[in-house]
Amino acid sequence: MGRDAVPPGPHGRGGKRMRIVDRYILQELGPPFVLGLGAFLVLLAGDILYTLAEYIVSGRMPPAAVGRLLVYKLPAIAVLAFPIATLFAALLGLGRLARDRELEALRLLGASVTRVFVPVLAFGLGIGVVTFVTNEVVAPAANRRANVLLRRVVLGGTPSHIRERVFLRAPGERILYVGRLDDGGGRLRDVLVFEPTGSLPRLIAAAEGTWTRDVVTLRHGVVRELDARGFTRLEAAFDTLTLPVGLEAEGLASGAQVPEEMTLLGLRRQLRVFGASLSPRVAIEYHRKMAVPAASVIFALVGAPLALLAARGSRFLGVGASVVLLFVYYALMSTARALGLAGVLPPALAAWAPNLFFCAGGVVLVASVDGRPWRGWWLTPWRLARARP
């Protein structure tokens with residue numbers, strides 16, 4: 001063995017050689033990642049169009065609104081597509097190196113299989129960071145704008161955050177209560193508004209009202225002001241009363257946001273303030289804010305050894321493995337989320353269960369290709385396939 005075959009180490013020529021190898025492997029992961037990302041973005045965008053097909057065909061949603069909606073939804077669907085594309089890149093990129101026996105050449109130079117996986121895991125970690133930033137910084141505001149657009153086009157302008165018999169906090173420290181809601185006509189029934197004025201709030205009650213842009217118009221109601229002891233000191237009836245509610249960011253205040261429109265900090269604040277009184281959906285979404293980005297690292301852990309085990313097959317075997325794994329992952333994710341909403345699973349476990357399951361599988365796969373003695377008997381068919389001439 002010549003001098004160039006010195007096993008790689010942290011310093012000297014071996015370390016420099018492995019840095020070159022790392023860059024080479026990362027370059028191999030790039031094209032299939034972009035291909036997978038583009039393909040799954042198109043698929044997920046097509047799912048949105050399929051859901052809105054009725055409104056598009058009927059003309060209720062013009063092409064310009066469809067284009068804006070897809071732009072607003074792009075960050076949210078990218079968050080789901082990033083882990084998928086990472087798995088696609090690991091299976092196809094590393095699989096190509098294995099089929100062309102380039103990985104065998106690296107092993108002859110002294111690089112272990114697990115060392116070859118390091119740049120793949122680093123790639124997954126980088127994509128996980130990008131996913132987290134997108135999901136935390138870009139997606140909440142984009143989801144909010146998408147919901148506002150849907151509300152205006154589909155529901156005719158009625159704020160989608162208003163719910164019957166629910167108190168909502170609006171800008172200006174107002175508290176809004178709607179007894180009944182007619183979404184189709186944008187009409188509010190049995191409306192109560194509490195406005196802060198001194199020790200006790202001013203109470204505005206109206207039989208009905210309408211919401212137009214940033215103004216609520218109340219009809220057939222009464223205004224009452226209370227003194228410090230709670231007695232009525234002013235009472236005045238009105239036929240029409242206009243209240244500018246000043247919708248910020250084209251929606252109600254943060255207290256009325258749905259979980260998908262909130263940041264990690266906002267969800268944590270909601271959990272701290274309201275605690276167990278909140279729906280489990282809020283706690284699950286809080287943990288999913290971290291679990292979804294972590295899926296990129298998990299998929300890299302699973303995809304790297306699986307690419308070597310399937311190296312004897314064709315490129316389509318890697319694509320097929322991606323589809324099967326994604327089906328299993330999202331089936332587990334949907335099931336765990338449903339169990340979490342039903343209270344069967346704790347919110348943290350409901351969000352992290354698919355990652356934990358796939359992480360355990362990835363560890364077993366890595367051990368199998370690294371020659372560890374505790375690999376499972378169920379990997380025997382893979383080992384036989386690799387042993388074929």
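Procedures and definitions
- Note on numbering: residues in each chain are counted from 1, in written sequence order.
- In keeping with the model being predicted, local features are shown solely for residues with a pLDDT of at least 70 and side-chain atom pairs are shown and tallied solely at 80 or more, while totals for entire chains, interfaces and linings include all residues.
- In computing side-chain values, all of the structure's heavy atoms are included and hydrogens and water are not.
- We define a salt bridge as a side-chain nitrogen of Lys or Arg found within 4 Å of a carboxyl oxygen belonging to Asp or Glu.
- For the purposes of this entry, the term helix denotes a DSSP run of H or I that reaches at least four residues, the term strand denotes a run of E that reaches at least two, and both are numbered from the N terminus.
- As a per-residue quantity, pLDDT reports the predictor's confidence and falls between 0 and 100.
- The contact criterion used throughout is that any non-hydrogen atoms of two residues lie within 4.5 Å.
- Think of it this way: a Phe, Tyr or Trp ring, Trp meaning its six-membered ring, pairs with another when their centres are within 6.5 Å, and the plane angle makes it stacked under 30 degrees, edge-to-face over 60, tilted otherwise.
- The rule for pairing is simple: two strands pair if DSSP sees at least two bridges between them.
- Multiply 1.5 Å by the residue count of a helix minus one, and that product is the helix's expected span.
- Given a residue, its bend is the angle between the two axes fitted to the seven residues that end at it and to the seven that start from it.
- Each residue's exposure class comes from its accessible area (1.4 Å probe, protein chains only) as a fraction of the maximum for that residue type: buried when under 20%, exposed when over 50%, partly exposed otherwise.
- Here, the term nonpolar core denotes a set of buried Ala, Val, Leu, Ile, Met, Phe, Trp, Tyr and Cys residues that are joined through side-chain atoms within 4.5 Å.
- Note on method: axes are straight lines fitted to C-alpha atoms, helices fitted across the in-contact stretch only, with angles between N-to-C directions ranging 0 to 180 degrees.
- Orientation labels follow simple angle bins: below 35 degrees gives roughly parallel, above 145 gives roughly antiparallel, 65 to 115 gives roughly perpendicular, and whatever is left gives oblique.
- Take the far helix as the reference: if the near one is turned anticlockwise from it by less than a right angle, the crossing is left-handed, and if turned clockwise, right-handed.
- Three residue categories are used. Nonpolar comprises Ala, Val, Leu, Ile, Met, Phe, Trp, Tyr, Cys and Pro, charged comprises Asp, Glu, Lys and Arg, and polar comprises the others, including Gly.
- Side-chain atoms alone can form a polar contact between residues adjacent in sequence; in general such a contact is a pair of N or O atoms within 3.5 Å, and within protein one must be able to donate a hydrogen while the other accepts it.

Quick notes on the pattern of salt bridges
Now for step 1: For the coordinates displayed, the defined rule picks out 11 salt bridges.
Now for step 2: A salt bridge links Arg 96 to Glu 28, with the nearest nitrogen and oxygen atoms 2.9 Å apart. Of this pair, Arg 96 sits in helix H3 (residues 63-99) while Glu 28 sits in helix H1 (residues 12-51); the two residues are 68 residues apart in sequence, bridging distant segments of the chain.
Now for step 3: Across the pair Glu 102 and Arg 96 runs a salt bridge whose closest N-O atoms are separated by 2.5 Å.

Quick look at the confidence of the model for the protein chain
Now for step 1: In the predicted model, the protein chain carries a mean pLDDT of 79, and 76% of its residues have values of at least 70.
Now for step 2: Looking over the protein chain, one finds the lowest element-wise mean pLDDT in helix H10 (residues 380-387), namely 39, and the highest in helix H7 (residues 280-309), namely 91.
Now for step 3: Long-range and interchain partners of residues 1-12, a stretch whose pLDDT sits below 50, account for 16 contacts in this model, where long-range means more than four residues apart.

A closer look at the packing of aromatic side chains
Now for step 1: Per the counting criterion, the structure on display carries 8 aromatic pairs.
Now for step 2: Considering the side-chain rings of Phe 33 and Phe 123, the 5.4 Å spacing of their centres and the 85 degrees angle between planes classify their relative orientation as edge-to-face. With a gap of 90 residues between them, Phe 33 in helix H1 and Phe 123 in helix H5 (residues 113-154) connect regions that are remote in the sequence.
Now for step 3: Here the aromatic rings of Tyr 329 and Tyr 330 are separated by 5.2 Å at their centres, their planes lie at 85 degrees, and the arrangement is edge-to-face.
Now for step 4: Ring-pair connections join several aromatic residues into one group, and the members of that group are Phe 299, Tyr 329, Tyr 330, Phe 357 and Phe 358.

A short note on the pairing of strand E6 (residues 232-244)
Now for step 1: Relative to E6, strand E5 (residues 215-226) is paired through 11 bridges, and the arrangement is antiparallel. Bridging across to E6, Gly 221 finds its partner in Phe 238.
Now for step 2: Linking E5 back to E6 in an antiparallel pair, the connection comprises 5 residues, with Gly 230 at a positive phi of about 95 degrees.

Some points on helix H9 (residues 347-369)
Because each turn of an α-helix spans 3.6 residues, side chains separated by three or four positions end up pointing in the same direction.
Now for step 1: Given a rise of 1.5 Å per residue, 23 residues ought to cover 33 Å, and the 34 Å separating the end C-alpha atoms of H9 matches this to within 8%.
Now for step 2: Within H9, the axis deviates most sharply at Ala 353, by approximately 50 degrees, and proline Pro 354 lies no more than four positions further along.
Now for step 3: Within H9, burial applies to Ala 350, Ala 351, Pro 354, Asn 355, Phe 358, Gly 362, Val 364, Leu 365, Val 366, Ala 367, Ser 368 and Val 369.

What about the nonpolar core?
Now for step 1: The biggest cluster of nonpolar side chains holds 60 residues, and the ones touching the most others in it are Phe 33, Leu 94, Leu 103, Phe 117, Val 120 and Leu 308.
Now for step 2: Breaking this core down by element, the ones donating at least two residues are H1, H3, helix H4 (102-108), H5, H7, helix H8 (315-341) and H9.
Now for step 3: It is H3 that contributes the most residues to this core, 19 residues altogether.
Now for step 4: Filtering out sequence-adjacent residues up to four positions away, Phe 33 remains in contact with Phe 82, Ala 85, Thr 86, Ala 89, Phe 123 and Ile 127.
Now for step 5: Grouped together as the second largest cluster of nonpolar side chains are 13 residues, Val 178, Trp 211, Val 223 and Leu 243 included.

Looking at unusual backbone geometry
Now for step 1: Of note, the phi angle at Asp 190 is positive, near 50 degrees, even though the residue is not glycine.
Now for step 2: Position of Asp 190 relative to the elements: it lies in strand E3 (residues 187-195).
Now for step 3: Overall, Asp 190 belongs to the partly exposed group, its relative accessible area being 39%.
Now for step 4: Unusually for a residue other than glycine, His 220 sits at a positive phi of about 55 degrees.

Looking at the environment of Gly 221
Now for step 1: Its place among the elements puts Gly 221 in strand E5.
Now for step 2: Here the alpha-carbon distance between Gly 221 and Ile 204, two residues 17 residues apart in the chain, equals 7.2 Å.

Structural notes on the packing of H3 against H7
In helix packing, the relevant descriptors are the interaxial angle and the interaxial distance, both defined with respect to the helix axes.
Now for step 1: Their axes nearest at 8 Å, the elements H3 and H7 cross at an angle of 15 degrees. Compared by their axis directions, H3 and H7 come out roughly parallel. The two elements H3 and H7 cross, and the hand of that crossing is right-handed. Between H3 and H7, the residues in contact are Val 79, Leu 80, Phe 82, Pro 83, Ile 84, Thr 86, Leu 87, Ala 90, Leu 91, Leu 94, Gly 95 and Ala 98 and Arg 288, Val 292, Ala 295, Ser 296, Phe 299, Ala 300, Gly 303, Ala 304, Leu 306, Ala 307 and Leu 308, respectively.
Now for step 2: Partitioned by chemical class, the residues of the contact of H3 with H7 number 18 nonpolar, 4 polar and 1 charged.

Details of the environment of Pro 32
Now for step 1: Positionally, Pro 32 belongs in helix H1.
Now for step 2: Sequence separation of Pro 32 and Phe 88 is 56 residues, and the distance between their C-alpha atoms is 6.5 Å.
Now for step 3: Not counting the four nearest positions on each side in its chain, Pro 32 is found in contact with Phe 88, Ala 89, Leu 92 and Gly 93.

Notes on the side chain of Lys 289
Now for step 1: Within the secondary structure, Lys 289 is located in helix H7.
Now for step 2: Of the polar contacts made by the side chain of Lys 289, one reaches the backbone oxygen of Asn 135; its length is 3.0 Å.
Now for step 3: Beyond its immediate sequence surroundings of up to four residues, Lys 289 is in contact with Phe 132, Asn 135, Glu 136, Pro 140, Met 262, Thr 263, Leu 264 and Leu 267.

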